[in-house]
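Overview (structure and organization)
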Amino acid sequence: MNDQNLIFIISQPRSGSTYLQSLLSNNLQINTSSESWMMLRLSPLLKPSTVKKADYDHAMATDAFNDYCAKFKINQLQQLKKFAFAHYSPMLEGFSLIIDKTPRYWEILDELYALFPKARYMLLQRNPVDVVESMIKAWNLKTLNDLQYLARDLLFAPQQITNFINQHKDQKNILSLSYQDLIKNTEKITGDLYKWVGVPFQKAFLNISNNLKVCGKYGDPYLNGQEKRNQQIAPHFQDFIQGYAHSLGSEYLQNFGLTTENFSRTKDFEDFKKTFIK
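The notes below deal with the structure included here. Keep in mind that what you see is a predicted model, and the values were worked out from it rather than measured.

We now examine the environment of F237. Considering the arrangement of structural elements, one finds F237 in helix α12 (residues 235-247). Residue F237 is classed as buried on the basis of its relative accessible area, which comes to 2%. Sequence separation between F237 and D268 is 31 residues; the distance between their C-alpha atoms is 8.3 Å. If sequence neighbours within four positions are ignored, F237 has contacts with I136, L141, K142, T143, L144 and L147.

Below is the structure:
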C-alpha cells in the first residue's frame, strides 16, 4: 500500500461529506467505511498539541518519547505511517483505492499532508447557515449549550480548511468543492471527480441507495436509520446563526453567494464565542 491508494474527504460536520463519499465509492474499484477517526486516534503522536488534558503529564511524556526516538534514531513519522497502512490495508483488499471520510481531520490537516503527501485530499465546504441548521436538526439540539460540543468545528474549521486550500491551491492532488455545486450539478461534478481519481465513470454510480459501504456506527445519522425531523429553527438559534455567519467575513461568505450584509453581529453568538475562546 502507498499514499496513492488513499483519498481523504475532509469538511465541517454536516457539510455533505457522506453524500460525496457515497457517490465516489459506489463502484467496484473504491472501498470505504463509516468514519474511522483513525488518524485522530493517532493524533497524540501526529500532533501532540491536540491533547489538552490527560491523567498523566502529556507534555513531559511527549518530550521523553522524543528524546528516546532521537537516541535510537527512530523516525516517528515513518513508523506512524507503517502503523496507519497496516490498519488501512484490510479496507484496500480487492480494491484500487480507499476513502477515509472523517470530517474532523481538519484538526490535523497539515500533519496529515506531511505524513501522506501523495494521497488525494477532497476539501468539502457548505453554506455556513445550512451547516448549523443541519447540526441542530440531525442531532436534535435544543439550546446553545448543546452547540458547545461543536464549538471547534464552528469557530476554527472554516479558516483551517480555507488556509489549507489556499496554501496548496497549485497541488493537483488537493481539490476543493462546494456542497451546493455538487447538489446542483451532481452528474457533471461526480464525473469530474471520477476522472480526477482515475476511475471510469458510469451514470449508474449516481444511484447510491444500495451503497452500504458508508454505513456504520459513525457518520450520517440518517443513513444509519434515524428519521429526519421536520424541526423548526428556534429564535435563539436563528440569532446565533446570524452572528456566526457574520463572523466568518465576506471573503469566506462569497464562496456561497453571501456577504456580511446578509447578516449581523448578535449577542447570542458573541456570548457563545466568549465562553469558548478565553
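Within the open sheet, the five strands sit side by side as β2-β3-β1-β4-β5. Their pairing is parallel. Both edges of this open sheet fall to β2 (30-32) and β5 (174-178), since each of them pairs with a single strand only. In this sheet, neighbouring strand axes are inclined to one another by 25° on average, regardless of whether the strands run parallel or antiparallel. Examined bridge by bridge, strand β1 (residues 6-11) and strand β3 (residues 97-101) share four bridges and lie parallel to one another. Pairing of I7 across the sheet is with I99, part of β3. Contacts between helix α1 (residues 17-25) and the sheet are confined to β1, β2, β3, β4 (120-125) and β5, with β3 contributing the most and set at about 170° to the helix. Along the sheet, helix α9 (residues 157-167) contacts β1, β4 and β5; its crossing angle with β4, the most-contacted strand, is approximately 135°.

Turning next to unusual backbone geometry. Unlike most non-glycine residues, R14 shows phi in positive territory, near 65°. Here the phi dihedral of N140 falls at roughly 50°; this positive angle occurs in a residue that is not glycine. Along the polypeptide, N140 turns up in the loop between α7 (128-138) and α8 (151-155).

This part covers α1. Along α1, eight of the nine residues are buried, which leaves the element largely enclosed by surrounding structure. Those residues of α1 that fall on the buried side of the exposure criterion are S17, T18, L20, Q21, S22, L23, L24 and S25.

About the thresholds
- Residues numbered from 1 in each chain as written.
- Predicted model: local features only at pLDDT ≥ 70, side-chain atom pairs only at ≥ 80, totals over all residues.
- Heavy atoms only, no water.
- Helix = DSSP H or I, 4+ residues; strand = E, 2+ residues; numbered from the N terminus.
- Buried < 20%, exposed > 50% of the residue type's maximum accessible area, 1.4 Å probe, protein only.
- Contact = heavy atoms within 4.5 Å.
- Pairing = 2+ DSSP bridges.
- Axes fitted to C-alpha atoms, helices over the stretch in contact; angles between N-to-C directions.

Read these as spatial facts, not as claims about activity.
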